[in-house]
Amino acid sequence: MSSTSNLNIVPLSELSLSETTSSLQIFNEEARKNKRRIQLLRSRRIPKRKQQKLRKREFSDRSCYAICNDDTADTEISTKENNSTFKIPKPASCNKEHRSEAQRCAATDVSTLRRIFGTNKNKFWGDLDTETTRLLYHTLLPRALLSLHSQGLDPHELAPLAYEARVAAKEYARERCHMPGRLMAVAYDGFRHLKKYGKWSTKGLSWDQIWNKYERQIRKEIQRRDPSLKTEDLTSQVCLRILERSCTTNELVDRLVVGENDDKRKKRSSEAEEVLAIAAQLDREVHEMLNRNTRMNIAIA
């Protein structure tokens, strides 16, 4: 038997019209035979593994037929629908000007948060109760980046910053929280990560894990909704999902931790009241800046 390296493969573009027609007729005849054989085998009771092999062969025949008939666009869409290993590309690096503009609205590192809100005054026990810590965490979430997106900034540039801002907010809130609340949060994240990925981690998902998580969601949704989306649109969909999810929290944890009892508010320490006041002021300043940008964009337009 001769190896495939000895085969002389001639492109269809180099064949004459009669030779091309003859080749296509031979190929179509083989495809019809394969289809009849598959239908015959499917009418019998055959194992599932054999059925999977037949489905793969049938898909391969459809793809080859589309290529020979110059239907490459449909073949690309079918490949995206049926190939579970298809990967949506990650966004390119963020524009420096847009990154600096976004960082004025959301802190993306813990050192910036320490400069704004101060450092932990009790290194061992922590200086904020769990309710105050949760409220602070809500304030630090990068919701302002959603406003920047509504003003025209691309989600490609905002999604990585939103992820960094959420990670920084979580780390800073935990280092200020009282020891019991800190341990509960660490244990919850650690066991959840261990159950899903088989590895202990208290810092939450990495950027690659976050991307893979929402990439799988978007792939499932587009297969049902619009499989003809371009690759760039798919990347935008994943980035927008990451941006939106970076600004949401676990509602069950919020109900358990954040109370509306006035007695709880009276028990807050002076450090807690000071932190919440700074957070409220920062939130107002950010929204005022975003409103000014919106008015300027409207005036320019």
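Remember, it's a predicted structure, so these values are computed and weren't measured experimentally.

### Quick look at the overall build of the protein chain
- Helix and strand counts for the protein chain stand at 14 helices and zero strands.
- In the protein chain, the order of α-helices and β-strands from amino to carboxyl end is α-α-α-α-α-α-α-α-α-α-α-α-α-α.
- Relative to its full complement of 301 residues, the protein chain shows a buried share of 32%.
- A sequence separation of at least 24 residues applies to 76% of the contacts in the protein chain between residues at least 6 apart.

### Details of the nonpolar core
- Of all hydrophobic cores here, the largest spans 16 residues; its most connected members are Leu 113, Phe 117, Leu 136, Leu 140 and Tyr 172.
- Of all the elements in the fold, those that place two or more residues in this core are helix H5 (110-117), helix H6 (130-140), helix H8 (155-176) and helix H14 (270-300).
- Residue contributions to this core peak at four residues, all from H8.
- Apart from residues lying up to four places away in sequence, Leu 136 is in contact with Phe 117, Leu 128, Tyr 172, Val 275, Leu 276 and Ala 279.

### Regarding the pattern of salt bridges
- Taken as a whole and judged by the stated rule, the model has nine salt bridges.
- Salt-bridge contacts for Lys 90 lead to Asp 208; the nearest nitrogen and oxygen are separated by 2.2 Å. Of this pair, Lys 90 sits in the loop between helix H3 (72-82) and helix H4 (96-103) while Asp 208 sits in helix H10 (residues 207-225), and the two are 118 residues apart along the sequence.
- With relative accessibility at 39%, the residue Lys 90 sits in the partly exposed group.
- Using a relative accessible area of 41% as the deciding quantity, one classes Asp 208 as partly exposed.
- Ionic pairing is found between Arg 174 and Asp 189, a salt bridge with its closest N-O pair at 2.2 Å. Highlighted residues: Arg 174 in helix H8 and Asp 189 in helix H9 (residues 179-197), separated in sequence by 15 residues.

### Here's the deal with a nonpolar patch on the surface
- A grouping of Phe 191, Leu 194 and Trp 200 is seen on the molecular surface, where their side chains present a nonpolar patch of about 320 Å² in accessible area.
- Checked against the element boundaries, Phe 191 lands in helix H9.

### Brief notes about the packing of H8 against helix H11 (residues 231-245)
- Interhelical geometry of H8 versus H11 gives an angle of 30 degrees and a closest axis separation of 8 Å. Accordingly, the angle class assigned to the pair H8 and H11 is roughly parallel. Read as a crossing pair, H8 and H11 show a hand that is left-handed. Each of Pro 155, His 156, Leu 158, Ala 159, Ala 162 and Arg 166 in H8 lies in contact with H11, whose residues at this interface are Glu 232, Thr 235, Ser 236, Cys 239, Leu 240, Ile 242, Leu 243 and Arg 245.
- Of the residues in the contact of H8 with H11, the class split is eight nonpolar, three polar and three charged.

### Focus: the side chain of Arg 182
- Relative to the helices and strands, Arg 182 is located in helix H9.
- No salt bridge is formed by the buried Arg 182. Its closest oppositely charged neighbour is Asp 127, at 7.2 Å.
- Ignoring any residue separated from it by four or fewer positions in sequence, one finds Arg 182 in contact with Asn 120, Lys 123, Phe 124, Trp 125, Gly 126, Arg 174, Glu 175 and Cys 177.

Conventions and cut-offs
- Residues numbered from 1 in each chain as written.
- Predicted model: local features only at pLDDT ≥ 70, side-chain atom pairs only at ≥ 80, totals over all residues.
- Heavy atoms only, no water.
- Helix = DSSP H or I, 4+ residues; strand = E, 2+ residues; numbered from the N terminus.
- Buried < 20%, exposed > 50% of the residue type's maximum accessible area, 1.4 Å probe, protein only.
- Contact = heavy atoms within 4.5 Å.
- Core = buried A, V, L, I, M, F, W, Y, C linked by side-chain atoms within 4.5 Å.
- Salt bridge = Lys/Arg side-chain N within 4 Å of Asp/Glu carboxyl O.
- Patch = residues over 30% accessible without salt bridge, like charges linked within 9 Å, V, L, I, M, F, W, Y side chains within 5 Å.
- Areas by Shrake-Rupley, 256 points an atom, 1.4 Å probe, with all protein chains shown as cover.
- Axes fitted to C-alpha atoms, helices over the stretch in contact; angles between N-to-C directions.
- Parallel < 35°, antiparallel > 145°, perpendicular 65-115°, else oblique.
- Left-handed = near helix turned anticlockwise from the far one by under 90°.
- Nonpolar A, V, L, I, M, F, W, Y, C, P; charged D, E, K, R; others polar.
- Lys, Arg positive; Asp, Glu negative; His and termini not counted.

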